[in-house]
Every structure is written in structure tokens, then in C-alpha cells.
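Read off the chains here:
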Amino acid sequence: MKKMPFLQEQETHRQSPALVLDGLYCEEEGFGEDYSCGFDDEICDKNMKKEQTLSSVLLQEDLFWEENELLSLISKEKETHVRFDSGGSKDGSLMVARREAVEWFLRVKAHYGFSALTGVLAVNYFDRFISSSRFQSEKPWMGQLAAVACLSLAAKVEETHVPLLLDLQVEDAKYIFEAKTIKRMELLVLSTLQWRMNPVTSISFFDHIIRRLGLKTHLHWEFLWRCERLLLSVISDSRFMNYLPSILATVTMLHVIKEVDPCNQLESQNQLMAVLKTNEDEVNECYKLIIELSGSQNQCHKRKYLSKPSSPKWCH
């Protein structure tokens with residue numbers, strides 16, 4: 001784990017007492033040079049010992065806090081994660097509604113430049129809501145209304161500028177609803193989700209890893225952006241709902257590392273598995289699914305490029 005910026009800061013603090021004493025020093029008769037130097041050296045030695053002790057304590061507390069944060073994320077991720085059995089007819093219709101909603105989320109996200117977390121939150125809200133008894137899948141307009149409400153709530157949680165409810169219904173929305181109708185649905189979603197609007201997501205683990213490893217350069221932000229982009233590209237596939245956010249985060253980061261730094265893939269995998277404490281079998285299963293989906297998406301992009309369609313179409 002890299003702690004260089006912190007250690008450099010501690011080094012600056014260790015040097016600061018002498019600078020402060022210099023500012024207050026005034027020459028007076030009766031204070032011999034030898035005596036003053038000896039006194040200053042004793043003060044400096046004590047200060048350095050204090051700072052070294054403080055530094056070690058702070059480092060231990062920092063590591064303890066990071067470990068506690070990770071344990072908290074892992075313990076809470078199951079509380080707001082839902083899975084569907086795609087074998088049932090009802091669940092099959094839910095998956096169709098889900099895919100349409102998620103693809104619409106991503107189009108609106110791109111339209112307004114929302115953050116990746118806004119899109120992921122909207123998906124999380126939608127998944128939890130449609131898995132409840134309050135969602136009526138037999139009503140064709142219900143899915144779109146719930147999608148608008150979930151995206152609106154996610155934007156209110158994460159974004160600083162939120163479009164008006166009527167303006168939010170862009171990018172080929174199937175139905176257009178009045179603002180008061182959407183607000184009533186927002187209240188229904190909030191009550192169904194028990195007002196738990198800050199769930200643990202895969203992005204929570206991306207952020208944790210970057211902060212924990214002290215990654216702050218532009219290359220590391222590029223790494224985060226690639227992870228978010230890959231996550232958004234696969235999130236509409238309901239098969240990924242079988243995996244907890246920590247598993248999906250681990251697999252996403254491993255896939256990005258393989259693309260940008262294949263020589264260190266094994267070492268990075270071991271480090272991530274050790275830090276996140278994820279199940280290796282589930283990671284391998286999910287990774288195969290990422291590879292499969294990435295391959296199909298690449299073929300889809302090639303077909304699009306060769307056929308030169310007049311307007312963008314989404315691959316199914």
C-alpha cells in the first residue's frame with residue numbers, strides 16, 4: 001500500500017518546530033551558543049520521537065479504518081441486492097421490462113451527461129422496486145413510469161443539476177407522464193425501498209480500491225473511468241444480477257487490468273482477491289460472462305460499422 005504523500009506530510013511536520021523556534025528567537029546576553037544548541041537539540045529529539053510515534057499511530061488507525069470500511073461494504077451489499085429466477089414466465093417478463101428500462105437509463109445518462117453512479121443507482125432502485133409486490137407487470141406503462149421515477153430519484157441523490165420531470169422523458173421514452181404522476185410514483189418507490197437510497201454498488205468498491213491504494217494520478221482516474229464504462233456496458237444483462245456488487249467490481253477491474261496491463265494481470269488479480277476477499281469460483285464464473293458479453297458486443301460494433309446504419313440502433 002502506498003503511503004508516500006502521508007509520510008512526506010509527516011516529514012514536513014517533523015521539520016516545522018525548528019522553523020517556528022527560528023521565528024521566535026531573539027539574541028540576548030547570558031545565553032551561550034553551546035547551551036542554546038544543546039537545548040534545541042533536546043527539544044528536536046523529543047519532538048521527532050513524538051512525531052514518529054504519532055505517525056505510526058495514525059498509520060495504524062488509517063489501516064484499521066480502511067478495513068472497517070471494507071467490512072461495512074461487504075456486510076451491507078446483500079441488503080440492497082436482488083436476484084431473479086429467469087426461468088419463470090413472470091420473471092421473464094420482468095427481465096424484458098428491466099432491459100428496456102436500463103437501456104433507456106443509459107441513453108438518458110449520455111444525453112444529460114449524468115455520472116456513472118447515477119445510472120447504477122437508477123438500475124438498483126428499479127431492480128428492487130420491480131421485485132416487490134407493488135410493481136404490476138401486467139400494465140404496460142408501469143415499467144416506463146417506474147423507470148422515470150427511479151432515474152429522477154437517482155439524479156436527485158447524485159447530480160447537482162437535475163432536469164425537470166418533463167424534460168427527463170427523452171430518448172424515445174415509450175410514454176410521457178405528467179409531473180404529478182411521476183411524483184406519486186417517486187413516493188411509491190421511496191416507500192417500497194424504505195428510503196434506503198444509498199446502496200452499496202460496484203462503484204462503491206471501485207472507489208474503495210482507488211482510495212485504499214492511494215491512486216490519485218490521471219492514469220488511475222482513467223482506470224476508474226474504464227471500469228465504470230465496462231460496468232455500464234454489461235449492467236443491462238440480467239445474468240449479472242446473480243453476482244453481488246463486490247464480485248462484479250472485482251471482475252470488472254480484472255478485465256480492465258487485462259486490457260491495459262496484461263503482464264501484471266495475475267499479480268493484480270491476487271492483490272484484488274486478497275483485499276476484497278471475494279469468492280474465487282464466483283469471480284471465475286462472472287469473468288467468463290464478461291468475456292462472452294464483450295465478444296458479442298465487439299461483433300455487434302463491427303456489424304454496425306460495416307452496414308453504416310442511418311441511425312444508431314441498440315444491440316439485443
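Note that the coordinates shown come from a computational prediction; the quantities given were computed from them, not determined experimentally.

**Student:** Run through the overall build of the chain, naming residues and quoting values.
**Tutor:** For the chain, the count of helices and strands is 12 helices and 0 strands. Overall, the chain shows an N-to-C arrangement of helices and strands of α-α-α-α-α-α-α-α-α-α-α-α. Here the chain holds 316 residues, and 41% of them are scored as buried. Contacts spanning at least 24 positions in sequence make up 79% of the contacts within the chain whose residues lie at least 6 apart. In the structure as shown, the chain presents an accessible area of about 18,900 Å², 55% of it carried by carbon and sulfur atoms.

**Student:** Quick one: what's the story with the packing of helix α5 (residues 142-158) against helix α7 (residues 179-192), residue by residue and with numbers?
**Tutor:** At a minimum axis separation of 9 Å, α5 and α7 run at an interaxial angle of 75°. The pairing of α5 with α7 is recorded here as roughly perpendicular in orientation. Contact residues: Met 142, Leu 145, Ala 146, Val 148, Ala 149, Cys 150, Ser 152, Leu 153 and Lys 156 in α5; Thr 181, Ile 182, Met 185, Glu 186, Val 189 and Leu 190 in α7. Counted by class, the contact of α5 with α7 contains 11 nonpolar, 2 polar and 2 charged residues.

**Student:** Hey, could you go over unusual backbone geometry for me, with residue numbers and the actual values?
**Tutor:** Backbone geometry at Glu 171 places phi at a positive 60°, although glycine is not the residue there. Structurally, the position occupied by Glu 171 is in the loop between α6 (165-168) and α7. One non-glycine residue with positive phi stands out, namely Lys 277, at about 55°. Tracing the backbone shows Lys 277 in the loop between α11 (265-276) and α12 (280-307). Assessed through its relative accessible area of 48%, Lys 277 is described here as partly exposed.

**Student:** An account of the pattern of salt bridges is requested, with residue identities and associated values reported.
**Tutor:** Charged atoms that come close allow side chains of opposite charge to pair. In the structure shown here, the tally under the stated rule is 10 salt bridges. With a shortest N-O distance of 2.7 Å, Asp 127 and Arg 98 are connected by a salt bridge. Of this pair, Asp 127 sits in helix α4 (residues 116-130) while Arg 98 sits in helix α3 (residues 89-112); the two residues are 29 residues apart in sequence, bridging distant segments of the chain. Each member of the pair Asp 127 and Arg 98 is classed as buried. Across the salt bridge formed by Arg 239 and Glu 292, the nearest N and O atoms sit 3.2 Å from each other. Here the residue Arg 239 occupies a position in the loop between α9 (218-234) and α10 (245-260), and Glu 292 occupies one in helix α12, the gap between them amounting to 53 residues. Taking relative accessible area as the criterion, Arg 239 reaches 34% and is therefore assigned partly exposed. Several salt bridges converge on common partners, so that one network encompasses Glu 222, Arg 226 and Glu 259.

**Student:** For the environment of Val 200, give the residues involved together with the corresponding values.
**Tutor:** Within the secondary structure, Val 200 is located in the loop between α7 and α8 (202-212). A relative accessible area of 9% means that Val 200 is categorised as buried. Sequence separation of Val 200 and Lys 76 is 124 residues, and the distance between their C-alpha atoms is 6.7 Å. Apart from residues lying up to four places away in sequence, Val 200 is in contact with Leu 73, Lys 76, Glu 77, Thr 80, Phe 205 and Pro 245.

**Student:** So what's going on with α7? Which residues, and what values?
**Tutor:** Between its terminal C-alpha atoms α7 stretches 20 Å, which fits the 20 Å expected from 14 residues at 1.5 Å a residue. Here α7 has its buried residues at Ile 182, Met 185, Glu 186, Val 189, Leu 190 and Thr 192. Take α7 and look down its axis: the buried residues cluster within an arc of 160°, on one side only. Exposed positions of α7 whose direction lies more than 90 degrees from the buried face are Lys 180, Arg 184 and Leu 187. Buried residues along α7 sit in contact with α4, α5 and α6. Backbone geometry just after α7 places Gln 194 at a positive phi near 55°.

Definitions and cut-offs
- Residues numbered from 1 in each chain as written.
- Predicted model: local features only at pLDDT ≥ 70, side-chain atom pairs only at ≥ 80, totals over all residues.
- Heavy atoms only, no water.
- Helix = DSSP H or I, 4+ residues; strand = E, 2+ residues; numbered from the N terminus.
- Buried < 20%, exposed > 50% of the residue type's maximum accessible area, 1.4 Å probe, protein only.
- Contact = heavy atoms within 4.5 Å.
- Areas by Shrake-Rupley, 256 points an atom, 1.4 Å probe, with all protein chains shown as cover.
- Axes fitted to C-alpha atoms, helices over the stretch in contact; angles between N-to-C directions.
- Parallel < 35°, antiparallel > 145°, perpendicular 65-115°, else oblique.
- Nonpolar A, V, L, I, M, F, W, Y, C, P; charged D, E, K, R; others polar.
- Salt bridge = Lys/Arg side-chain N within 4 Å of Asp/Glu carboxyl O.
- Expected span 1.5 Å × (residues − 1).
- Arc of directions from axis to C-beta.

Note that all results are geometric; they support no functional claim without further evidence.
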